[in-house]
Amino acid sequence: MGELQVEKHVKYILAVEKRKDDFESVVMEHLRLNGVYWGLTTLDILGKLDAVDQDEVISWVMQCQHKDDIAGLQNEDGSFSGDMWGEVDTRFSYIAICSLALMRQLDKIDVGNAVKYIVSCKNVDGGFGCTPGAESHAGQIFCCVGALAITGSLHHVDKDLLGWWLCERQVKSGGLNGRPEKLPDVCYSWWVLSSLILIGRVHWIDKEKLAKFILDCQDKEKGGISDRPDDAVDVFHTYFGVAGLSLLEYPGLKPIDPAYALPVSVVNKVILGK
Ligand code: 3PZ
Ligand code: ZN
């Protein structure tokens, strides 16, 4: 398995950031803001945030802002639409609650109703889906548990029942899958692990084996992390792999907050002002 290739991953992230004109970059253009978040957060966890020109990143991100505001996307039933076209999903509840909490503006929405909607997406297996009645999925569980954690509403979660469903996601290789019968994938190291930590059940999985699985997904020559061993690397799985290792307390990595999906130092600065 070997160690985490910190320098190689930093080089990989910086190379993706510079490359803007090839086919892959143009196809992924609509994902650039996500890519900025995945790339910057990876660099910060690795202790290499100063490798990017902060002013350049800030001015690029600022030009993505529209006049309309997050709070206006909350619906009567407490749910959130992703944009003006109206698609409703608990992913949007998480993003709205997380972003408003970071700006200390949760008073701009009906938090009680937002929590009620998320709880209405809870299933008999203890998990959560994207809308009421929809199948449980680890990515959606992270969104719902994360939003409930941020709003101090984790008492709505059946921790033993959900913890059981989540720890069943670990397969023989040590990796985690997102639903029963699916292949393991590095990004589920984040969705599943962060949820287990938030409900206090992380000791129900084999952390050593999971760390080994993530390390096995590294491209040891070119840097970057893939969804599973020997697949092509991308920024998304590089971020969730490194973030997963941070949750596993891999040596030398900055701690990441399991609810906000941002370095603990950033959450402390932005929310607590210290
Ligand atoms: C990936 N998106 O819809 S996507 C994403 N997936 O924009 C980004 N694990 O084909 C990258 N699968 C790679 N760089 C994959 C983001 C998806 C998630 C796909 C994926 C990840 C397994 C199949 C949805 C936050 C934001 C978005 C998502 C999840 C969480 C793709 C396929 C889909 C997408 C992008 C590229 C390479 C990178
Ligand atoms: Zn994945």
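The preceding data block contains the structure.
Note that this is a predicted model, so its numbers are computed, not measured.

Caption draft 1: Representation of the nonpolar core in the model. Trp190, Leu245 and Tyr260 are the most contacted members of the largest nonpolar core, which totals 76 residues. The element that contributes the greatest number of residues to this core is helix H7 (residues 138-150), accounting for nine residues. Excluding residues within four positions of it along the chain, Trp190 makes contact with Phe142, Ser195, Phe240, Ala243, Gly244, Leu247, Ile256, Asp257, Pro258 and Ala261.

Caption draft 2: A look at the environment of Glu181. Mapped onto the fold, Glu181 is located in the loop between helix H8 (159-167) and helix H9 (187-198). Measuring from C-alpha to C-alpha, the distance between Glu181 and Val171 comes to 9.6 Å, with ten residues separating the pair along the chain.

Caption draft 3: Highlighting the site of ligand 1. In the region of ligand 1, the neighbouring residues are Met28, Leu31, Trp38, Asp185, Cys187, Trp191, Asp234, Val235, Phe236 and His237. Asp185 is positioned such that a nitrogen or oxygen atom in its side chain is 3.1 Å from a nitrogen atom of ligand 1. In the model, a nitrogen atom of ligand 1 is placed 3.1 Å from a nitrogen or oxygen of the His237 side chain. Looking at the shell around ligand 1, the element that brings in the most residues is helix H11 (residues 235-247), giving three residues. Broken down by class, the residue content of the shell around ligand 1 amounts to seven nonpolar, one polar and two charged.

Caption draft 4: A look at the packing of aromatic side chains. Here the structure, examined in full by the defined rule, presents nine aromatic pairs. Seen from their ring centres, Trp190 and Phe240 are 6.5 Å apart, and the 45° between their planes marks the pair as tilted. Pair noted here: Trp190 is in helix H9 and Phe240 is in helix H11, with a separation of 50 residues, a long-range link. Judged by centre distance (4.8 Å) and plane angle (45°), the rings of Trp191 and Phe240 are tilted. Pair noted here: Trp191 is in helix H9 and Phe240 is in helix H11, with a separation of 49 residues, a long-range link. Exposure remark for Phe240: the relative accessible area of 4% places this residue in the buried category.

Caption draft 5: Local environment of a negative patch on the surface. On the surface, Glu17, Asp53, Asp55 and Glu56 cluster together into a negatively charged patch. With respect to the secondary-structure elements, Glu56 resides in helix H4 (residues 54-62). A residue is classified by how much of its surface remains accessible, and Glu56, at 45% relative accessible area, is partly exposed.

What counts and what doesn't
- Along each chain, numbering runs from 1 in the same order as the chain's sequence is written.
- The lettering of chains begins at A and the numbering of ligands begins at 1, in the order of writing.
- Residues qualify for local features only when their pLDDT is at least 70, as the model is predicted, and side-chain atom pairs are given and counted only at 80 or more; totals for whole chains, interfaces and linings, by contrast, use all residues.
- The side-chain quantities take in all heavy atoms of the structure and omit both hydrogens and water.
- In this description, a nonpolar core means a group of buried Ala, Val, Leu, Ile, Met, Phe, Trp, Tyr and Cys residues linked to one another through side-chain atoms lying within 4.5 Å.
- Partly exposed residues are those whose accessible area sits between 20% and 50% of the maximum for their type, while under 20% is buried and over 50% is exposed, using a 1.4 Å probe and protein chains only.
- Starting at the N terminus, helices and strands are each numbered in turn, a helix being any DSSP run of H or I of at least four residues and a strand any DSSP run of E of at least two.
- Residue contacts are defined here by distance: any two heavy atoms, one from each residue, within 4.5 Å place the two residues in contact.
- Nearness is judged by heavy atoms alone; a residue qualifies as near a molecule or strand once a single heavy atom is within 4 Å of it.
- Contacts described as polar in this section are N or O atom pairs within 3.5 Å, which, within protein, must combine one atom able to donate a hydrogen with one able to accept it, while residues neighboring in sequence count only if both atoms come from side chains.
- Side-chain classes follow a simple rule in which Ala, Val, Leu, Ile, Met, Phe, Trp, Tyr, Cys and Pro form the nonpolar group, Asp, Glu, Lys and Arg form the charged group, and the remainder, Gly included, forms the polar group.
- Side-chain rings of Phe, Tyr and Trp, where Trp is taken by its six-membered ring, are said to pair if the distance between their centres is within 6.5 Å; with planes under 30 degrees apart they count as stacked, over 60 as edge-to-face, and otherwise as tilted.
- Residues enter patches when they are more than 30% accessible in relative terms and free of salt bridges; like-charged ones are connected within 9 Å and nonpolar ones (Val, Leu, Ile, Met, Phe, Trp, Tyr) within 5 Å.
- In these tables, accessible area is a Shrake-Rupley quantity obtained with a 1.4 Å probe, and a residue counts as shielded only by the protein chains included in the view.
- Only one rule defines a salt bridge in this text: a Lys or Arg side-chain nitrogen within 4 Å of an Asp or Glu carboxyl oxygen.
- We treat Lys and Arg as the positive residues and Asp and Glu as the negative residues; His and chain ends play no part in the count.
- Throughout, a charge is located at the NZ atom of Lys, the CZ atom of Arg, the CG atom of Asp or the CD atom of Glu.

Any functional reading would require information that these geometric values do not contain.
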